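Results of the structural survey
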Amino acid sequence: MVTARLAVAFDSHTVLPVLRRVRCGAGVDVVTVRMVTGQIPEDFARVAERLAHTFGVRQVKAVPGPRPDVVLLHLYRGDPLAKVVRPLPVPAVPEFTALPVGRQEDGEVYPLRLFGTQVLVVGATGAGKGSVIWSIVRSLAAGVTSGLVQVWGLDPKGGMELGIGAPMFARFACKDYAAMCELVEEAASVARERAGKLRGRTRQHTPTVDEPLIVLVIDELANLTAYLTDRQLKDRIKAALSILLSQGRAVGVHVVAAIQDPRKEVLPFRDLFPTRIGLRLTEPAQVDLVLGDGMRDRGALCDRIPKSLPGVGFVVLDGDPTPMRVRFSYLTDDEIRDMAQTYGRLRVIDGEILDGAA
(Lines give C-alpha, C1' and ligand atoms only; values in the text may rest on other atoms or scores of the structure.)
Protein backbone atom coordinates (compact mmCIF):
# COMPACT_ATOMS: atom_id res chain seq x y z
CA MET A 1 0.00 0.00 0.00
CA VAL A 2 2.89 2.35 0.72
CA THR A 3 4.72 1.74 -2.56
CA ALA A 4 1.43 2.05 -4.48
CA ARG A 5 0.90 5.41 -2.73
CA LEU A 6 -2.30 4.30 -1.02
CA ALA A 7 -1.05 4.92 2.51
CA VAL A 8 -2.16 8.17 4.18
CA ALA A 9 -0.04 10.24 6.59
CA PHE A 10 -2.14 11.65 9.44
CA ASP A 11 -1.12 13.09 12.81
CA SER A 12 2.43 11.77 12.45
CA HIS A 13 1.12 8.28 11.73
CA THR A 14 0.86 6.23 8.58
CA VAL A 15 -2.68 4.95 8.08
CA LEU A 16 -3.10 1.93 5.80
CA PRO A 17 -6.11 0.40 4.03
CA VAL A 18 -7.26 -2.79 5.78
CA LEU A 19 -7.50 -6.22 4.15
CA ARG A 20 -10.96 -7.56 5.00
CA ARG A 21 -11.44 -10.65 2.84
CA VAL A 22 -10.00 -12.70 -0.03
CA ARG A 23 -12.09 -14.93 -2.31
CA CYS A 24 -10.17 -17.14 -4.73
CA GLY A 25 -11.67 -18.23 -8.03
CA ALA A 26 -10.43 -20.23 -11.01
CA GLY A 27 -8.85 -17.24 -12.72
CA VAL A 28 -9.54 -14.28 -10.46
CA ASP A 29 -9.11 -13.38 -6.81
CA VAL A 30 -11.45 -10.80 -5.27
CA VAL A 31 -9.82 -8.82 -2.47
CA THR A 32 -12.07 -6.77 -0.19
CA VAL A 33 -10.31 -3.70 1.18
CA ARG A 34 -11.55 -1.13 3.69
CA MET A 35 -10.30 2.21 2.49
CA VAL A 36 -8.77 4.91 4.63
CA THR A 37 -11.14 7.75 5.47
CA GLY A 38 -11.08 10.18 2.57
CA GLN A 39 -10.19 7.59 -0.07
CA ILE A 40 -12.46 6.58 -2.95
CA PRO A 41 -12.35 3.57 -5.32
CA GLU A 42 -10.89 5.79 -8.05
CA ASP A 43 -7.74 6.20 -5.93
CA PHE A 44 -7.18 2.45 -6.24
CA ALA A 45 -8.16 2.44 -9.91
CA ARG A 46 -5.49 5.02 -10.72
CA VAL A 47 -2.74 2.73 -9.41
CA ALA A 48 -4.24 -0.53 -10.71
CA GLU A 49 -1.25 -1.16 -12.98
CA ARG A 50 1.15 -0.76 -10.02
CA LEU A 51 -0.92 -3.23 -8.00
CA ALA A 52 -0.90 -5.71 -10.89
CA HIS A 53 2.90 -5.64 -10.99
CA THR A 54 3.07 -5.88 -7.20
CA PHE A 55 0.89 -8.99 -7.03
CA GLY A 56 2.21 -10.53 -10.25
CA VAL A 57 -1.14 -10.76 -11.98
CA ARG A 58 -2.33 -9.84 -15.47
CA GLN A 59 -4.64 -7.05 -14.40
CA VAL A 60 -6.20 -5.46 -11.33
CA LYS A 61 -9.63 -3.88 -11.55
CA ALA A 62 -10.98 -1.68 -8.73
CA VAL A 63 -14.75 -1.89 -8.23
CA PRO A 64 -16.89 -0.02 -5.65
CA GLY A 65 -17.86 -2.36 -2.82
CA PRO A 66 -21.19 -2.96 -1.10
CA ARG A 67 -20.40 -0.23 1.43
CA PRO A 68 -19.07 3.30 0.78
CA ASP A 69 -15.82 2.59 2.67
CA VAL A 70 -15.03 -0.65 0.80
CA VAL A 71 -13.37 -1.31 -2.56
CA LEU A 72 -13.18 -4.68 -4.31
CA LEU A 73 -9.93 -5.45 -6.10
CA HIS A 74 -10.32 -8.06 -8.84
CA LEU A 75 -6.93 -9.70 -9.46
CA TYR A 76 -6.98 -11.52 -12.81
CA ARG A 77 -4.30 -14.21 -13.03
CA GLY A 78 -4.81 -15.94 -16.38
CA ASP A 79 -6.78 -14.89 -19.42
CA PRO A 80 -10.02 -16.85 -19.94
CA LEU A 81 -10.61 -14.88 -23.15
CA ALA A 82 -7.46 -16.09 -24.90
CA LYS A 83 -9.42 -18.64 -26.95
CA VAL A 84 -11.65 -17.72 -29.87
CA VAL A 85 -15.34 -17.72 -28.93
CA ARG A 86 -17.34 -19.84 -31.33
CA PRO A 87 -20.77 -18.68 -32.55
CA LEU A 88 -23.35 -18.99 -29.80
CA PRO A 89 -26.71 -20.75 -30.29
CA VAL A 90 -29.40 -18.59 -31.88
CA PRO A 91 -32.21 -17.89 -29.37
CA ALA A 92 -35.61 -19.08 -30.59
CA VAL A 93 -37.02 -15.71 -29.53
CA PRO A 94 -34.61 -12.77 -29.16
CA GLU A 95 -34.32 -11.40 -25.63
CA PHE A 96 -33.74 -7.74 -26.38
CA THR A 97 -32.54 -7.00 -22.85
CA ALA A 98 -29.93 -9.78 -22.92
CA LEU A 99 -28.64 -10.76 -26.36
CA PRO A 100 -25.96 -13.50 -26.20
CA VAL A 101 -22.98 -12.05 -28.08
CA GLY A 102 -19.82 -13.43 -26.44
CA ARG A 103 -18.05 -14.46 -23.25
CA GLN A 104 -17.05 -12.33 -20.30
CA GLU A 105 -14.03 -12.87 -18.05
CA ASP A 106 -15.79 -15.22 -15.67
CA GLY A 107 -16.61 -17.56 -18.57
CA GLU A 108 -20.32 -16.74 -18.60
CA VAL A 109 -22.18 -15.63 -21.72
CA TYR A 110 -22.20 -11.84 -21.99
CA PRO A 111 -25.79 -10.52 -22.35
CA LEU A 112 -25.84 -7.28 -24.36
CA ARG A 113 -28.85 -5.06 -23.76
CA LEU A 114 -30.40 -3.53 -26.88
CA PHE A 115 -33.68 -2.17 -25.51
CA GLY A 116 -33.39 1.48 -24.56
CA THR A 117 -29.91 2.07 -25.94
CA GLN A 118 -27.75 2.78 -28.97
CA VAL A 119 -24.47 0.92 -29.49
CA LEU A 120 -21.15 2.38 -30.62
CA VAL A 121 -18.24 0.07 -31.53
CA VAL A 122 -14.77 1.61 -31.82
CA GLY A 123 -11.60 -0.23 -32.73
CA ALA A 124 -8.45 -0.05 -34.82
CA THR A 125 -8.08 -1.95 -38.08
CA GLY A 126 -8.27 -5.68 -37.39
CA ALA A 127 -9.59 -5.20 -33.83
CA GLY A 128 -12.71 -7.29 -34.49
CA LYS A 129 -15.50 -4.83 -35.18
CA GLY A 130 -17.02 -7.41 -37.51
CA SER A 131 -17.19 -9.89 -34.62
CA VAL A 132 -19.32 -7.45 -32.63
CA ILE A 133 -21.65 -6.70 -35.53
CA TRP A 134 -22.21 -10.31 -36.60
CA SER A 135 -22.59 -11.50 -32.99
CA ILE A 136 -25.42 -9.00 -32.54
CA VAL A 137 -27.02 -9.87 -35.87
CA ARG A 138 -26.82 -13.60 -35.06
CA SER A 139 -28.52 -13.09 -31.70
CA LEU A 140 -31.41 -11.43 -33.58
CA ALA A 141 -31.57 -13.97 -36.41
CA ALA A 142 -34.70 -15.85 -35.32
CA GLY A 143 -36.50 -12.54 -34.94
CA VAL A 144 -35.53 -11.66 -38.51
CA THR A 145 -37.16 -14.84 -39.78
CA SER A 146 -40.34 -14.36 -37.74
CA GLY A 147 -40.65 -10.71 -38.75
CA LEU A 148 -40.26 -9.45 -35.19
CA VAL A 149 -36.95 -7.79 -36.12
CA GLN A 150 -35.77 -5.89 -39.17
CA VAL A 151 -32.04 -5.28 -39.55
CA TRP A 152 -31.10 -2.48 -41.95
CA GLY A 153 -27.51 -2.39 -43.16
CA LEU A 154 -25.22 0.39 -44.37
CA ASP A 155 -21.77 -0.52 -45.65
CA PRO A 156 -20.07 2.54 -47.17
CA LYS A 157 -17.03 0.41 -48.08
CA GLY A 158 -18.91 -1.14 -50.98
CA GLY A 159 -20.21 -4.14 -49.07
CA MET A 160 -16.79 -5.51 -48.03
CA GLU A 161 -17.91 -6.19 -44.45
CA LEU A 162 -21.69 -6.58 -44.47
CA GLY A 163 -22.29 -7.74 -48.04
CA ILE A 164 -21.50 -11.37 -47.28
CA GLY A 165 -24.55 -11.52 -45.01
CA ALA A 166 -26.76 -9.16 -46.97
CA PRO A 167 -29.84 -11.46 -46.91
CA MET A 168 -30.06 -10.79 -43.15
CA PHE A 169 -30.99 -7.17 -43.86
CA ALA A 170 -34.46 -5.94 -44.74
CA ARG A 171 -32.79 -2.85 -46.23
CA PHE A 172 -29.20 -2.78 -47.43
CA ALA A 173 -27.12 -0.06 -49.11
CA CYS A 174 -23.43 -0.32 -49.96
CA LYS A 175 -22.71 1.63 -53.16
CA ASP A 176 -25.01 4.62 -53.55
CA TYR A 177 -24.52 7.31 -50.90
CA ALA A 178 -27.86 8.87 -51.85
CA ALA A 179 -29.56 5.52 -51.10
CA MET A 180 -27.70 5.37 -47.77
CA CYS A 181 -28.93 8.85 -46.90
CA GLU A 182 -32.50 7.95 -47.81
CA LEU A 183 -32.30 4.80 -45.67
CA VAL A 184 -31.14 6.74 -42.61
CA GLU A 185 -33.86 9.34 -43.20
CA GLU A 186 -36.45 6.57 -43.54
CA ALA A 187 -35.38 5.17 -40.18
CA ALA A 188 -35.64 8.64 -38.62
CA SER A 189 -39.10 9.05 -40.13
CA VAL A 190 -40.20 5.72 -38.60
CA ALA A 191 -38.87 6.88 -35.23
CA ARG A 192 -40.79 10.16 -35.40
CA GLU A 193 -44.00 8.41 -36.51
CA ARG A 194 -43.79 5.85 -33.69
CA ALA A 195 -43.03 8.55 -31.14
CA GLY A 196 -46.24 10.29 -32.10
CA LYS A 197 -48.25 7.09 -31.69
CA LEU A 198 -46.70 6.16 -28.34
CA ARG A 199 -46.78 9.62 -26.79
CA GLY A 200 -48.81 9.49 -23.59
CA ARG A 201 -49.27 5.68 -23.81
CA THR A 202 -45.92 4.08 -22.99
CA ARG A 203 -42.24 4.92 -22.69
CA GLN A 204 -40.92 1.79 -24.46
CA HIS A 205 -41.99 0.34 -27.79
CA THR A 206 -42.94 -3.36 -27.81
CA PRO A 207 -41.90 -5.10 -31.05
CA THR A 208 -44.58 -6.81 -33.12
CA VAL A 209 -44.68 -8.19 -36.66
CA ASP A 210 -46.61 -5.09 -37.73
CA GLU A 211 -44.15 -2.75 -35.99
CA PRO A 212 -40.90 -4.71 -35.66
CA LEU A 213 -37.77 -3.73 -33.83
CA ILE A 214 -35.53 -1.95 -36.34
CA VAL A 215 -31.76 -2.18 -35.94
CA LEU A 216 -29.72 0.08 -38.22
CA VAL A 217 -26.23 -1.42 -38.57
CA ILE A 218 -23.58 0.96 -39.92
CA ASP A 219 -20.06 -0.19 -40.71
CA GLU A 220 -17.47 2.64 -40.65
CA LEU A 221 -19.75 5.49 -39.69
CA ALA A 222 -17.05 8.10 -40.40
CA ASN A 223 -17.52 7.57 -44.14
CA LEU A 224 -20.99 9.07 -43.73
CA THR A 225 -20.39 11.72 -41.05
CA ALA A 226 -16.88 13.03 -41.80
CA TYR A 227 -15.31 11.76 -45.02
CA LEU A 228 -18.27 12.12 -47.40
CA THR A 229 -17.44 14.86 -49.90
CA ASP A 230 -21.04 15.70 -50.81
CA ARG A 231 -21.78 18.28 -48.11
CA GLN A 232 -25.55 18.27 -48.69
CA LEU A 233 -25.80 14.49 -48.29
CA LYS A 234 -23.50 14.58 -45.27
CA ASP A 235 -25.64 17.24 -43.55
CA ARG A 236 -28.82 15.27 -44.24
CA ILE A 237 -27.28 12.09 -42.81
CA LYS A 238 -26.08 13.91 -39.69
CA ALA A 239 -29.51 15.46 -39.12
CA ALA A 240 -31.29 12.10 -39.49
CA LEU A 241 -28.77 10.32 -37.25
CA SER A 242 -29.20 12.95 -34.56
CA ILE A 243 -32.94 12.24 -34.54
CA LEU A 244 -32.37 8.47 -34.45
CA LEU A 245 -29.83 8.58 -31.63
CA SER A 246 -31.85 10.95 -29.47
CA GLN A 247 -35.36 9.58 -30.08
CA GLY A 248 -35.08 6.09 -31.61
CA ARG A 249 -34.15 3.95 -28.61
CA ALA A 250 -37.54 4.36 -26.90
CA VAL A 251 -39.53 3.63 -30.06
CA GLY A 252 -37.74 0.50 -31.20
CA VAL A 253 -35.36 2.02 -33.75
CA HIS A 254 -31.79 1.27 -32.69
CA VAL A 255 -28.37 2.06 -34.14
CA VAL A 256 -25.33 -0.21 -34.00
CA ALA A 257 -22.45 1.78 -35.50
CA ALA A 258 -18.78 0.88 -35.94
CA ILE A 259 -15.97 3.37 -36.43
CA GLN A 260 -12.17 3.50 -36.33
CA ASP A 261 -11.51 7.16 -35.57
CA PRO A 262 -13.10 8.26 -32.27
CA ARG A 263 -12.21 11.95 -32.47
CA LYS A 264 -14.96 14.46 -31.70
CA GLU A 265 -14.73 16.12 -35.11
CA VAL A 266 -15.27 12.74 -36.78
CA LEU A 267 -18.16 11.65 -34.55
CA PRO A 268 -19.77 14.80 -33.09
CA PHE A 269 -22.69 12.93 -31.48
CA ARG A 270 -20.60 10.29 -29.72
CA ASP A 271 -22.27 11.14 -26.40
CA LEU A 272 -25.65 9.99 -27.76
CA PHE A 273 -24.52 6.33 -27.61
CA PRO A 274 -25.29 5.03 -24.08
CA THR A 275 -23.57 1.70 -24.80
CA ARG A 276 -19.97 1.91 -25.98
CA ILE A 277 -17.65 -0.92 -26.91
CA GLY A 278 -13.93 -0.23 -27.06
CA LEU A 279 -11.89 -2.86 -28.88
CA ARG A 280 -8.14 -2.55 -29.47
CA LEU A 281 -7.17 1.13 -29.69
CA THR A 282 -3.86 2.63 -30.73
CA GLU A 283 -3.36 5.22 -27.98
CA PRO A 284 -4.09 5.36 -24.22
CA ALA A 285 -5.81 8.75 -24.62
CA GLN A 286 -8.38 7.21 -26.96
CA VAL A 287 -9.77 4.95 -24.23
CA ASP A 288 -11.36 7.74 -22.18
CA LEU A 289 -12.34 9.50 -25.40
CA VAL A 290 -14.36 6.45 -26.45
CA LEU A 291 -15.59 5.00 -23.15
CA GLY A 292 -15.71 8.07 -20.90
CA ASP A 293 -13.47 9.85 -18.42
CA GLY A 294 -11.59 7.62 -16.02
CA MET A 295 -12.48 4.33 -17.74
CA ARG A 296 -8.88 3.44 -18.46
CA ASP A 297 -8.03 3.88 -14.79
CA ARG A 298 -10.94 1.56 -13.98
CA GLY A 299 -9.40 -1.21 -16.05
CA ALA A 300 -10.45 -0.62 -19.66
CA LEU A 301 -6.97 -1.07 -21.13
CA CYS A 302 -8.05 -1.02 -24.78
CA ASP A 303 -4.60 0.18 -25.87
CA ARG A 304 -3.04 -2.93 -24.27
CA ILE A 305 -5.17 -5.46 -26.16
CA PRO A 306 -2.76 -7.42 -28.39
CA LYS A 307 -3.40 -7.84 -32.09
CA SER A 308 -3.58 -11.58 -31.47
CA LEU A 309 -6.92 -11.14 -29.62
CA PRO A 310 -9.39 -9.70 -32.17
CA GLY A 311 -12.89 -9.41 -30.82
CA VAL A 312 -11.72 -8.66 -27.27
CA GLY A 313 -12.94 -5.35 -25.89
CA PHE A 314 -14.46 -3.47 -22.99
CA VAL A 315 -18.17 -2.68 -22.77
CA VAL A 316 -19.29 0.41 -20.85
CA LEU A 317 -22.94 1.15 -20.10
CA ASP A 318 -24.22 4.62 -19.37
CA GLY A 319 -24.34 5.10 -15.59
CA ASP A 320 -22.20 2.04 -14.81
CA PRO A 321 -18.66 2.96 -13.70
CA THR A 322 -17.27 -0.55 -14.23
CA PRO A 323 -16.11 -1.64 -17.71
CA MET A 324 -16.75 -5.29 -18.61
CA ARG A 325 -14.08 -7.17 -20.58
CA VAL A 326 -15.71 -9.33 -23.25
CA ARG A 327 -14.67 -11.44 -26.22
CA PHE A 328 -17.30 -11.40 -28.94
CA SER A 329 -17.96 -14.54 -30.93
CA TYR A 330 -16.22 -14.99 -34.26
CA LEU A 331 -18.17 -16.09 -37.34
CA THR A 332 -16.27 -17.29 -40.41
CA ASP A 333 -17.41 -16.18 -43.86
CA ASP A 334 -19.04 -19.56 -44.43
CA GLU A 335 -20.88 -19.34 -41.10
CA ILE A 336 -22.19 -15.90 -42.03
CA ARG A 337 -23.37 -17.22 -45.41
CA ASP A 338 -25.09 -20.17 -43.75
CA MET A 339 -26.78 -17.88 -41.24
CA ALA A 340 -27.95 -15.54 -44.00
CA GLN A 341 -29.30 -18.45 -46.04
CA THR A 342 -31.12 -19.92 -43.03
CA TYR A 343 -32.58 -16.77 -41.51
CA GLY A 344 -32.31 -14.04 -44.17
CA ARG A 345 -35.14 -12.10 -45.77
CA LEU A 346 -33.42 -9.40 -47.86
CA ARG A 347 -35.94 -7.22 -49.70
CA VAL A 348 -34.27 -3.96 -50.75
CA ILE A 349 -30.69 -3.24 -51.78
CA ASP A 350 -29.48 0.29 -52.60
CA GLY A 351 -33.08 1.43 -52.89
CA GLU A 352 -34.07 -1.26 -55.41
CA ILE A 353 -36.80 -3.79 -54.54
CA LEU A 354 -35.62 -7.29 -55.36
CA ASP A 355 -37.59 -9.57 -57.64
CA GLY A 356 -39.96 -11.80 -55.69
CA ALA A 357 -39.43 -9.87 -52.45
CA ALA A 358 -42.27 -9.57 -50.03
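Here, every reference points to the structure presented above.
Now for a quick tour of the structure. Fair warning: this is a prediction, and the values are worked out from it, not measured in the lab.

1. A few points about the environment of Val15
Residue placement: Val15 occurs in strand 2 (residues 13-15). Taking relative accessible area as the criterion, Val15 reaches 30% and is therefore assigned partly exposed. Along the chain, Val15 and Ala124 lie 109 residues apart, while their C-alpha atoms are 44 Å from each other.

2. Notes on the side chain of Arg270
You can see Arg270 is positioned in the loop between strand 13 (253-259) and strand 14 (275-278). One buried charge, Arg270, has no salt-bridge partner; the nearest side chain with opposite charge is Asp271, at 4.4 Å. In this structure Arg270 touches Leu120, Pro262, Arg263, Lys264, Arg276, Leu289 and Val290, once residues within four positions along its chain are discounted.

3. Details of the pairing of strand 15 (residues 312-317)
Strand 15 sits mainly inside the fold: five of its six residues count as buried. Both strand 14 and strand 15 contribute to a ladder of four bridges, which runs antiparallel. Bridge assignment links Gly278 to a residue of strand 15, and that residue is Phe314. Note that strand 15 and strand 16 (residues 324-328) share four bridges and pair antiparallel. Bridging across to strand 16, Val315 finds its partner in Met324.

4. Topic: the environment of Asp261
On the secondary structure map, Asp261 appears in the loop between strand 13 and strand 14. The spatial distance from the C-alpha of Asp261 to the C-alpha of Gln104 is 25 Å, given a sequence separation of 157 residues. Setting aside residues up to four positions removed in sequence, Asp261 forms contacts with Tyr227 and Val266. Within polar-contact distance, the side chain of Asp261 engages the side chain of Arg263 at 2.6 Å.

How each quantity is defined
- Residues numbered from 1 in each chain as written.
- Predicted model: local features only at pLDDT ≥ 70, side-chain atom pairs only at ≥ 80, totals over all residues.
- Heavy atoms only, no water.
- Helix = DSSP H or I, 4+ residues; strand = E, 2+ residues; numbered from the N terminus.
- Buried < 20%, exposed > 50% of the residue type's maximum accessible area, 1.4 Å probe, protein only.
- Lys, Arg positive; Asp, Glu negative; His and termini not counted.
- Salt bridge = Lys/Arg side-chain N within 4 Å of Asp/Glu carboxyl O.
- Contact = heavy atoms within 4.5 Å.
- Pairing = 2+ DSSP bridges.
- Polar contact = N/O pair within 3.5 Å; in protein donor to acceptor, adjacent residues only side chain to side chain.

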